[in-house]
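Here's the letter readout for the chains.
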Amino acid sequence: MPRRLISTGSPLEKTVGYSRAVVDGDFAFVAGTTGYDYATMTMPADVTSQSRNCFKTIEAALKEGGFAMADIVRATYYVTDAKDVDAHFAVCGEVLGDIRPAATLLIVVGLARPEMKVEIEVTAKRRTA
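Please read these numbers as outputs of a predicted model, since none were measured by experiment. Along every chain, residues carry numbers that run from 1 in the direction the sequence is written. Local features in a predicted model are, by the rule used here, given only for residues with pLDDT of at least 70; side-chain atom pairs are given and counted only at 80 or more, and totals for whole chains, interfaces and linings are based on all residues. Derived side-chain values reflect all non-hydrogen atoms in the structure, with water molecules and hydrogen atoms excluded from consideration.

1. What to know about the pattern of salt bridges
Heads up, the rule is: We define a salt bridge as a side-chain nitrogen of Lys or Arg found within 4 Å of a carboxyl oxygen belonging to Asp or Glu. Going along the chain from the N terminus, every DSSP run of H or I of four or more residues is numbered as a helix, and every run of E of two or more is numbered as a strand. Residue exposure (1.4 Å probe, protein chains only): buried if accessible area is under 20% of the type maximum, exposed if over 50%, otherwise partly exposed.
If you walk through the whole model with that rule in mind, you get four salt bridges. Aspartate 71 is the salt-bridge partner of arginine 127, the closest N and O atoms lying 3.4 Å from each other. Remark: aspartate 71 occurs in the loop between helix 2 (47–64) and strand 4 (72–79) and arginine 127 occurs in the segment after strand 6 (118–125); sequence separation between them is 56 residues. What makes arginine 127 exposed here is its relative accessible area of 57%. For lysine 83, the salt bridge identified is with aspartate 81, shortest N-O distance 3.8 Å. Residue class for lysine 83 comes out exposed when judged on its relative accessible area of 70%. Judged by its relative accessible area of 28%, aspartate 81 is partly exposed.

Next up, the structure:
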């Protein structure tokens, strides 16, 4: 199976040189995803809404590549303020509570834009029947 690039259509993907996700065989690698609401092109102010938007974008990319959220095996979370961790983890529990991928959380000094509070990247492995 050839490598497949998944795009959100953002002009940054070409300019910066990345894909929202890359499917390679039975694996999907989803790039770091921030909390933009792509329907309105706005960034919510709170980490809870940003985390939900991250997962919404991730789910769409996985679906386009033929994967489900249940296929996620690894998640990495980047949060800019330790005070936001509990709210972020609450969303993770809602979305991934039954999936329970291996996960890492990093508290970082900042992301590409000051309004970004969280970034999530995941790896998924297609399950065989």
